[in-house]
Amino acid sequence: MREYFKTQPDEHGNFGQYGGSFLPPAIQAEMEKITDAYYSISKSHEFISELRSIRKHFQGRPTPVYFARRLSDEYGGRIYLKREDLNHTGAHKLNHCMGEALLAKYLGKKKLIAETGAGQHGVALATAAAYFGLECEIHMGEVDIQKEHPNVVRMEILGAKVVPVSRGLKTLKEAVDSAFEAYMVDPLSSIYCIGSVVGPHPFPMMVREFQRVVGIEAKEQFFEMTGEQPDNVVACVGGGSNAMGIFSAYIEDEDVQLYGVEPMGRGIKTGENAATITYGKPGMIHGFKCLLLQDDKGEPSPVYSIASGLDYPGVGPEHSMLHDIKRVHYTSVTDDEAVDSFYELSKKEGIIPALESAHAVAYACKLARENPRQSILVNLSGRGDKDIDFIYDKYGAR
Ligand SMILES: *Cc1c(COP(=O)(O)O)cnc(C)c1O
């Protein structure tokens, strides 16, 4: 694992057999321009100091690491939370959106284009666009627009244009297709901002680099609090950006066990889940290779999770590789287990987590019970305000 970041990905964006970039030639040329610009701009003093200042003064970083005493008392072990729910806009996504938008500014772009599922990436990107005075166009399936009304309103108030997508299942995958087409019409003055460590090179690498701040802070904070490294680090995996953010700080320290938690949805038997690494096979989606939930023809399967931010049939190419080389353990948690943890963290610690993050908390509690002498650092990727209406309608206050 030495020199990990110098060798992963390789110069073509491959993480082992995964990753790469499989695009029509015109767009490929644009991607290469973005890659070159990223390599030079991201190392400039000006870019680095501007991003640092944004993180401190606008985003409110560093976010704290918090020892969850009552949760630890309940399960044994020592459970710590990296509080990305306290990052501006309430999740880790703003970390890469501010980086992508800053890069867009340096490239002289006028418009940010993206898709959104639950609306979390859309809100974070609309926030970044407002900060930099850029236009913003967010493509969103009509089904999701119905379901996630508060986030649609947030994006519009922030000045973004929300484009409804009415084809196919009218959800995330169609929104990606639609956003990509819009980008192809005008690749010179716009930039496509991907919402996780997925998509064609350079996005999986770039988004990881922008998320590394989470791990860098957490490692220092955890050491300051305890005088040691955590035994275990746990994060939920949708596309995999919050997980790469925290894992990256420990990936070269092989004594630290890393756990990626996938959504098992309604359970193995129902087939209604989005446990991509657990059940997927190598395949291709949206211009890159990864482990993929797919049908006999290699078409992405429909997927489901109670946490909208986790239901993508693909996963980051880096996670696909980390699974194959067994550096990260991938495991899963059902909807019901995540909902239990949602309430438990709220009532025991006074923190309402995002349903996505509740998957990581649920697994951390299991791990704590099995390993009462060990410490566990959980990436609490976001806050649950977006989920409270849905949860309350379905389960009440409990
Ligand atoms: C979007 C989202 C996720 C899933 O995305 P990753 O790229 O896997 O991190 C997880 N947690 C929250 C709060 C989200 O908004």
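About the thresholds
- Residues numbered from 1 in each chain as written.
- Predicted model: local features only at pLDDT ≥ 70, side-chain atom pairs only at ≥ 80, totals over all residues.
- Heavy atoms only, no water.
- Helix = DSSP H or I, 4+ residues; strand = E, 2+ residues; numbered from the N terminus.
- Rg over C-alpha atoms; globule rule 2.2 N^0.38 Å.
- Buried < 20%, exposed > 50% of the residue type's maximum accessible area, 1.4 Å probe, protein only.
- Contact = heavy atoms within 4.5 Å.
- Areas by Shrake-Rupley, 256 points an atom, 1.4 Å probe, with all protein chains shown as cover.
- Lys, Arg positive; Asp, Glu negative; His and termini not counted.
- Charge placed at Lys NZ, Arg CZ, Asp CG, Glu CD.
- Near = heavy atom within 4 Å.
- Polar contact = N/O pair within 3.5 Å; in protein donor to acceptor, adjacent residues only side chain to side chain.
- Nonpolar A, V, L, I, M, F, W, Y, C, P; charged D, E, K, R; others polar.
- Phe/Tyr/Trp six-rings, centres within 6.5 Å; stacked < 30°, edge-to-face > 60°.
- Lys NZ or Arg CZ within 6 Å of the ring centre and 35° of its normal.
- Salt bridge = Lys/Arg side-chain N within 4 Å of Asp/Glu carboxyl O.
- Pairing = 2+ DSSP bridges.
- Axes fitted to C-alpha atoms, helices over the stretch in contact; angles between N-to-C directions.
- Parallel < 35°, antiparallel > 145°, perpendicular 65-115°, else oblique.
- Left-handed = near helix turned anticlockwise from the far one by under 90°.

J.: Please explain the overall build of the chain as it appears in this structure.
T.: From N to C terminus, the chain includes 16 helices and 14 strands. For a compact globule of 398 residues, the expected C-alpha radius of gyration is about 21 Å, and the chain comes in at 19 Å, within 12% of that figure. The dimensions of the chain, computed from C-alpha atoms along their principal axes, are 55 × 45 × 45 Å. By residue count, 60% of the 398 residues in the chain fall in the buried class. A fraction of 73% describes how many contacts in the chain between residues 6 or more apart in sequence connect residues 24 or more apart. Approximately 16300 Å² of the chain is accessible, and the part contributed by carbon and sulfur atoms is 51%. Distance from the positive charge centre (43 side chains) to the negative charge centre (54 side chains) of the chain: 2 Å.

J.: How do you make sense of the site of the ligand when you look at a structure like this?
T.: Inspection of the region around the ligand gives 17 residues, with K93, S196, G240, S241 and S381 positioned closest. Take G238: an N or O atom from its main chain is 2.8 Å from an oxygen atom of the ligand. With respect to the ligand, the side chain of S381 contributes an N or O atom lying 2.7 Å from a nitrogen atom. Burial of the ligand by the protein amounts to 97% of the accessible area it has alone, namely 380 Å². By residue class, the composition of the shell around the ligand is four nonpolar, eleven polar and two charged.

J.: Which parts of the structure should I look at to understand the packing of aromatic side chains?
T.: Under the counting rule described, the total for this entry stands at 14 aromatic pairs. Here the aromatic cluster, defined as three or more aromatic residues joined through ring pairs, consists of Y38, Y39, F47, Y106 and F210. Here the guanidinium or amino end of R212 rests over the ring plane of F5, the centre of that ring lying 3.6 Å away. Geometry around Y304 places R266 over its ring, the cationic atom sitting 4.1 Å from the centre.

J.: Is there a simple way to think about the pattern of salt bridges in this case?
T.: Think of it this way: side chains of opposite charge can pair up when their charged atoms draw near. Counted under the stated rule, the structure contains 25 salt bridges. The salt bridge partner of E217 is K82, with a shortest N-O separation of 2.7 Å. One end of the pair, E217, is in helix α10 (residues 203-226); the other, K82, is in strand β4 (residues 78-83), and 135 residues separate them in sequence. Judged by its relative accessible area of 12%, E217 falls in the buried class. Three or more residues are tied together by salt bridges with common partners; here these are R61, K82, E84 and E217.

J.: Can you walk me through the sheet that holds strand β7 (residues 161-165) in this structure?
T.: Either a parallel or an antiparallel arrangement is found when strands of a sheet pair, and the pairing is made through backbone hydrogen bonds. On the basis of which strands lie adjacent, the open sheet formed by four strands has the order β7-β6-β5-β8 and parallel pairing. The open sheet is flanked by β7 and β8 (190-192), the only strands paired with a single partner. Each strand of the sheet is rotated relative to its neighbour by a mean of 25°, with strand direction disregarded. Direction of pairing for strand β6 (residues 135-141) relative to β7: parallel, over a ladder of five bridges. Bridge pairing links I138 to V162 in β7. Where helix α6 (residues 120-132) meets the sheet, its contacts fall on β5 (111-116) and β6, and the angle it forms with β5 comes to roughly 165°. Where helix α9 (residues 172-185) meets the sheet, it contacts β5, β6, β7 and β8, and its direction lies at approximately 160° from that of β5.

J.: Is there a simple way to explain the sheet that holds strand β13 (residues 328-334) in this structure?
T.: Here six strands make up an open sheet; going across it, the order is β3-β4-β14-β9-β10-β13 and the pairing mixed. Across the chains shown, the open sheet's two edge strands, defined by having one partner strand only, are β3 (65-67) and β13. Pairwise comparison of adjacent strand axes, ignoring direction, gives a mean angle of 25° for this sheet. In the sheet, β3 pairs with β4 via three bridges, with the strands oriented antiparallel. Note that in β4 the partner of F67 across the bridge is Y80.

J.: Would you mind showing me how to read the packing of helix α5 (residues 93-106) against α6 here?
T.: For any two helices packed against each other, one specifies the inter-axial angle together with the distance between the axes. Axis separation between α5 and α6 bottoms out at 9 Å; the angle between their running directions is 40°. Of the possible angle classes, the one that applies to α5 and α6 is oblique. Judged by the twist between their axes, the crossing of α5 over α6 is right-handed. Contacts between α5 and α6 involve K93, L94, H96, C97, M98, E100, A101, L102 and K105 from the first element and Q120, H121, A124, L125, T127, A128, Y131 and F132 from the second.

J.: Before we go on, may I ask you to explain the pairing of strand β12 (residues 288-292) in this structure?
T.: Along any regular strand, the residues point their side chains to alternate faces of the sheet. Along β12, four of the five residues are buried, which leaves the element largely enclosed by surrounding structure. Of the pairings in the sheet, the one linking strand β11 (residues 281-285) to β12 comprises five bridges and is antiparallel in character. Bridge pairing links K281 to L292 in β12. Here β11 folds back onto β12 in antiparallel fashion, the turn holding two residues, of which H286 has a positive phi close to 45°.

J.: Would you take a moment to explain the environment of K269 for this structure?
T.: Relative to the helices and strands, K269 is located in the loop between β10 (257-265) and α12 (276-279). Judged by its relative accessible area of 87%, K269 falls in the exposed class. Residues K269 and Q8 lie 261 residues apart in sequence; the distance between their C-alpha atoms is 36 Å.

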